[in-house]
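Structure assessment
What follows is each chain in one-letter form.
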2 protein chains.
Amino acid sequence: MAILLNNDGRRHPDWKRALRVHLPEREVIEYPIIPDVKAIDYAIVWNHPKGDLRRYPNLKAVLSTGSGTEHFDRDTNLPNVPIVRLIDMAMADDMALYTLYWILHFQRQFETYRQQQSLQKWKRHPSPITSDYNICLLGLGAIGAIIAQKIANNGFKISGWSRSQKNLNGVTCLSGEEALPEALGMADIIVNCLPINTSTTGFLDYVKLSQMKAGAAIINISRGQIIEDDALLSFLDSGHISAAALDVFDQEPLPPGSPFWSHPKVHVTPHMSGATNPDTAAKIISQSILTLERGEAPNYLYQKQLSKR
Amino acid sequence: MAILLNNDGRRHPDWKRALRVHLPEREVIEYPIIPDVKAIDYAIVWNHPKGDLRRYPNLKAVLSTGSGTEHFDRDTNLPNVPIVRLIDMAMADDMALYTLYWILHFQRQFETYRQQQSLQKWKRHPSPITSDYNICLLGLGAIGAIIAQKIANNGFKISGWSRSQKNLNGVTCLSGEEALPEALGMADIIVNCLPINTSTTGFLDYVKLSQMKAGAAIINISRGQIIEDDALLSFLDSGHISAAALDVFDQEPLPPGSPFWSHPKVHVTPHMSGATNPDTAAKIISQSILTLERGEAPNYLYQKQLSKR
């Protein structure tokens, strides 16, 4: 039997190589040239064309190359097989360290010190005490939980908000719409880890951003569509939001001329907070396939429009 | 009895207030106006004038407001009483997070992304895997050990070098002059945590910096005098050292016109990596005084020119 690889429609020699290492007994067929659709028993995909996964009559499961699920959400013609999200702890750790970098950047005023250096100015500024510095994660799914834990381990005061109630060691967990103003209002930094779906698109709008503590900063590592760009820009201009570190955008690559590129309070990075490592990812995917072959259910099964936060 | 406060010869209302909170039974006398030298039983000092501590006939102990010991090293006329260094875990944690910030800055190429933003350029760059990224701390004293642990806890590959052999959980500990080329040669980032004394002044000279791995970066959080400025600048210019984050300098404040201010590969911060918090510090000092009053020895006793690393 063979594996279909369709990682965003592009060639990925590194992925192909990694899958051969971890799944040596299977041929890897790269989309779109598929000699025999009946030979495909597993499909490893990201951004597959809608309906494509129905073409393989012997498909046993679909495995995503990422943790996001939007490519499944928008496909109304999915096969009736298990769909497995990729939750790579190494990637989650990278995202946590990315988040930590910007938390420290804001807390310790490294932007001010950079400006002072250009002016040859030597002046210390007091910083908030780490254990009093309140970081609130929106979204406590598999990735958000790992990030929350890592930030907590570094001594910050950490809270998290999710649609349904979670329980995480060392993290103040809030849940439900009614708790959101409190979560937004007490944080020095809001970190958006929400998954994208119909209920989170445009979720952080003018009203919700206005509920943030005056002078707080925001970090977006999830999806650009969750924050309303115009509302964010307006609050950055007014000073209500002091700074933003944005790794994700409504349109990627971020188009030339976007106001985010040149805004003095915005830090743009090119969706690099948690790059998928084909080698660690292929290993996890191979383990999920082994689990499926044993007739068991792997972790992180995708369920359409259920438990999305 | 009364406490002498001489924190660098300046007035410190915040220190005075904090000491009154934690040592309510003692009067706090601020240098240089001392109504009665016989009333002083404890001296809390930083950068005291040489020989001054001999003036108090009833002095029971000296307590430093910092972890450094250079103000004691250069005083050849110290009283024969215990001298206690201040090792504030909150300060050490701050220094660890400062170090972590620059480690992430270099590992994840945030400088490149900042430059790309100014050019409106969207391009990802691969980063070294955290568990393969080798951080070497020079100096594994009380502060260095805490920093090493925190960096290890965040998933980095961590080694440390000290004059005498140490044993720290999760840290590859090297020791002695003969192990130094190996320690310097394997690290992607060298973090200087050595204490300043006669044997560490100018320690990181041209020869030792040449032993660093090509393209490695350096972070200095200890004392400027330990790194030879000219050698560092020469290796930054040649590219052998890729970048430097410097919090400490031979002369502080760093004088206008210093090449460090304007060097494109140098990040200057104004000795802020671990600011002393008078409140937590006064609490630790008051606990040391209570320990001394019970006739016991507090932690972190200063011993002249002994066990300096």
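Refer to the structure printed above.
Residues numbered from 1 in each chain as written. Chains lettered and ligands numbered in written order. Predicted model: local features only at pLDDT ≥ 70, side-chain atom pairs only at ≥ 80, totals over all residues. Heavy atoms only, no water.

Some remarks on the overall build of chain A
Going by this rule: By definition, any uninterrupted DSSP run of H or I lasting at least four residues is a helix, any uninterrupted run of E lasting at least two residues is a strand, and each is numbered from the N terminus. Each residue's exposure class comes from its accessible area (1.4 Å probe, protein chains only) as a fraction of the maximum for that residue type: buried when under 20%, exposed when over 50%, partly exposed otherwise. With residues, only the protein chains shown are counted as cover, and all accessible areas are computed by Shrake-Rupley using a 1.4 Å probe. Neither His nor the chain ends contribute to the count of charged residues, in which Lys and Arg are positive and Asp and Glu negative. A charged residue contributes its charge at one atom only: NZ of Lys, CZ of Arg, CG of Asp or CD of Glu.
Helices and strands together make up the secondary structure of chain A, namely 10 helices and 12 strands. The C-alpha extent of chain A, read off along each of the three principal axes, is 65 × 40 × 35 Å. Counting over 309 residues, chain A shows a buried share of 57%. About 12,800 Å² of surface is accessible on chain A, with carbon and sulfur atoms providing 51% of the total. When the 31 positive and 31 negative side-chain charges of chain A are each reduced to one mean point, those points stand 2 Å apart.

Some points on the interface of chain B and chain A
We count it as follows: Any two residues having at least one pair of non-hydrogen atoms within 4.5 Å are treated as being in contact. As a working definition, buried area equals the accessible area (1.4 Å probe) given up by two parts on being put together, with both sides summed. For this analysis, a salt bridge means a side-chain nitrogen from Lys or Arg found within 4 Å of a carboxyl oxygen belonging to Asp or Glu. Identification of polar contacts relies on pairs of N or O atoms within 3.5 Å, with a donor-acceptor requirement for protein atoms, meaning one able to donate a hydrogen and the other able to accept it, and with residues adjacent in sequence counted only if both atoms are side-chain atoms.
Taken together, the contacts link 45 residues of chain B with 45 residues of chain A. Note on chain B versus chain A: buried area summed over both sides is about 3,900 Å², and carbon and sulfur give 60% of it. Taken together, the connections running from chain B to chain A amount to 2 salt bridges. Glu111 of chain A is paired through a salt bridge with Arg114 of chain B; the nearest N and O atoms lie 2.8 Å apart. The tally of links between chain B and chain A comes to 26 residue pairs in polar contact (both at pLDDT 80 or more). Sorting the residues of the side of chain B that touches chain A by element identifies helix H3 (89-107), helix H4 (110-118), helix H9 (259-262) and strand E12 (266-268) of chain B as the ones contributing at least two each. Sort the elements by how many residues they give to the side of chain B that touches chain A and H3 of chain B lands first, with 8 residues.

Structural notes on the sheet that holds strand E7 (residues 157-162) of chain A
Residues and elements named next belong to chain A. Keep this limit in mind: At least two DSSP bridges between two strands are needed for those strands to be called paired. Axis angles are defined between N-to-C directions and span 0 to 180 degrees, where every axis is a line fitted to C-alpha atoms and, for a helix, only to the segment in contact.
Across the sheet, which stays open at both edges, the 7 strands sit in the order E8-E7-E6-E9-E10-E11-E12 with parallel pairing between neighbours. For this open sheet the edge positions go to strand E8 (172-175) and strand E12 (266-268), each flanked by a neighbour on one side alone. The mean angle between the axes of side-by-side strands here comes to 15°, regardless of whether they run parallel or antiparallel. Pairing geometry for strand E6 (residues 134-138) and strand E9 (residues 189-192), over 4 bridges, is parallel. Across the sheet, residue Cys136 finds its bridge partner in E9, namely Ile190. Taken strand by strand, helix H5 (residues 142-153) contacts E6 and E7, and its axis lies near 170° from that of E6.

Some points on the sheet that holds strand E3 (residues 40-46) of chain A
All names here are of chain A. Spatially, E2-E1-E3-E4-E5 is the arrangement adopted by the 5 strands of the open sheet, whose pairing is parallel. Edge strands, defined here as strands with exactly one partner in the open sheet, are strand E2 (27-30) and strand E5 (83-84). As defined by bridge partners, strand E4 (residues 61-64) adjoins E5 across 2 bridges and the pair is classed as parallel. Bridge assignment links Val62 to a residue of E5, and that residue is Ile83. Running at roughly 160° to E4, helix H10 (residues 278-293) makes contact with strand E1 (2-7), E3, E4 and E5 of the sheet.

Observations concerning the relation of the copies chain B and chain A
Here two copies of a chain appear, and what relates them is a rotation about an axis with a shift along it. Using the following cut-off: Residues reaching a pLDDT of at least 70 in both copies supply the C-alpha atoms on which the copies are superposed by least squares.
Mapping chain B onto chain A is achieved by rotating through 180° and translating by 0.0 Å along the same axis, at an RMSD of 0.0 Å. The symmetry that links the two subunits is that of a two-fold axis. Across chain B, the rotation axis passes nearest the C-alpha of Tyr101 of chain B, at a separation of 2.8 Å. A shared interface surface links the copies, since 100% of the contact residues of chain B are contact residues in chain A too.

Considerations on the pairing of E9 of chain A
Residues and elements named next belong to chain A. Burial of the side chains of E9 extends over both faces: Ile189 and Val191 are buried on one face and Ile190 and Asn192 on the other. For E9 and strand E10 (residues 216-220), the ladder comprises 4 bridges, and the chain directions are parallel. Within E10, the position partnered with Asn192 by the bridge is Asn220.

Concerning the packing of aromatic side chains
For the record, the criterion: Side-chain rings of Phe, Tyr and Trp, where Trp is taken by its six-membered ring, are said to pair if the distance between their centres is within 6.5 Å; with planes under 30 degrees apart they count as stacked, over 60 as edge-to-face, and otherwise as tilted. In our convention, an over-ring charge means Lys NZ or Arg CZ found within 6 Å of a ring centre and within 35 degrees of that ring's normal.
Inspection of every chain in the model, using the stated rule, returns 25 aromatic pairs over all chains. Aromatic side chains Trp161 of chain B and Phe203 of chain B sit 5.7 Å apart centroid to centroid with 25° between the ring planes, which places their arrangement in the stacked category. Within this pair, whereas Trp161 of chain B is found in strand E7 (residues 157-162), its partner Phe203 of chain B is found in the loop between strand E9 (189-192) and helix H7 (206-210), the two being separated by 42 residues in sequence. Put simply, the rings of Tyr98, Tyr101, Trp102, Phe106 and Phe110 of chain A together with Tyr98, Tyr101, Trp102, Phe106 and Phe110 of chain B pair up and form one aromatic cluster. For Lys208 of chain A, the ring lying beneath its charged end belongs to Phe203 of chain A, and the centroid distance is 4.3 Å.

What about helix H4 (residues 110-118) of chain A?
In an α-helix, one turn spans 3.6 residues, which is why side chains three or four residues apart end up on the same side. This is how it is decided: To obtain the arc, one takes the directions from the helix axis to the C-beta atoms.
Where H4 of chain A is concerned, the buried positions are Phe110, Tyr113, Gln116 and Gln117 of chain A. Down the axis of H4 of chain A, the buried set is contained in an arc of 115°. They therefore lie on one face. Residues of H4 of chain A that are buried sit in contact with helix H3 (89-107) of chain A together with H3, H9 and E12 of chain B. Just downstream of H4 of chain A, Gln120 of chain A is the residue with a positive phi angle, here 55°.

Concerning the pattern of salt bridges
Residue and element names in this part refer to chain A. Inspection of every chain in the model, using the stated rule, returns 32 salt bridges over all chains. Residues Glu30 and Arg11 are paired through a salt bridge, measuring 3.7 Å at the closest nitrogen-oxygen approach. Highlighted residues: Glu30 in strand E2 and Arg11 in the loop between E1 and helix H1 (13-22), separated in sequence by 19 residues. What makes Glu30 buried here is its relative accessible area of 9%.

Here's the deal with the packing of H3 of chain A against H3 of chain B
In plain terms, the rule: Roughly parallel means an angle under 35 degrees; roughly antiparallel, over 145; roughly perpendicular, 65 to 115; everything else is oblique. Should the near helix be turned counterclockwise from the far one by less than a right angle, the crossing is left-handed, whereas a clockwise turn marks it as right-handed. For this classification, the nonpolar set comprises Ala, Val, Leu, Ile, Met, Phe, Trp, Tyr, Cys and Pro, the charged set comprises Asp, Glu, Lys and Arg, and every other residue, Gly included, is treated as polar.
Packing of H3 of chain A against H3 of chain B brings their axes to within 10 Å, and their N-to-C directions diverge by 120°. With respect to each other, H3 of chain A and H3 of chain B are oriented oblique. As H3 of chain A packs across H3 of chain B, the resulting crossing turns out to be left-handed. In contact with Leu97, Leu100, Tyr101, Leu104 and His105 of chain A of H3 of chain A, H3 of chain B contributes Leu97, Leu100, Tyr101, Leu104 and His105 of chain B. Here the contact of H3 of chain A with H3 of chain B is built from residues that sort into 8 nonpolar, 2 polar and no charged.

Honestly, that's just the spatial picture; any functional story needs more than this.
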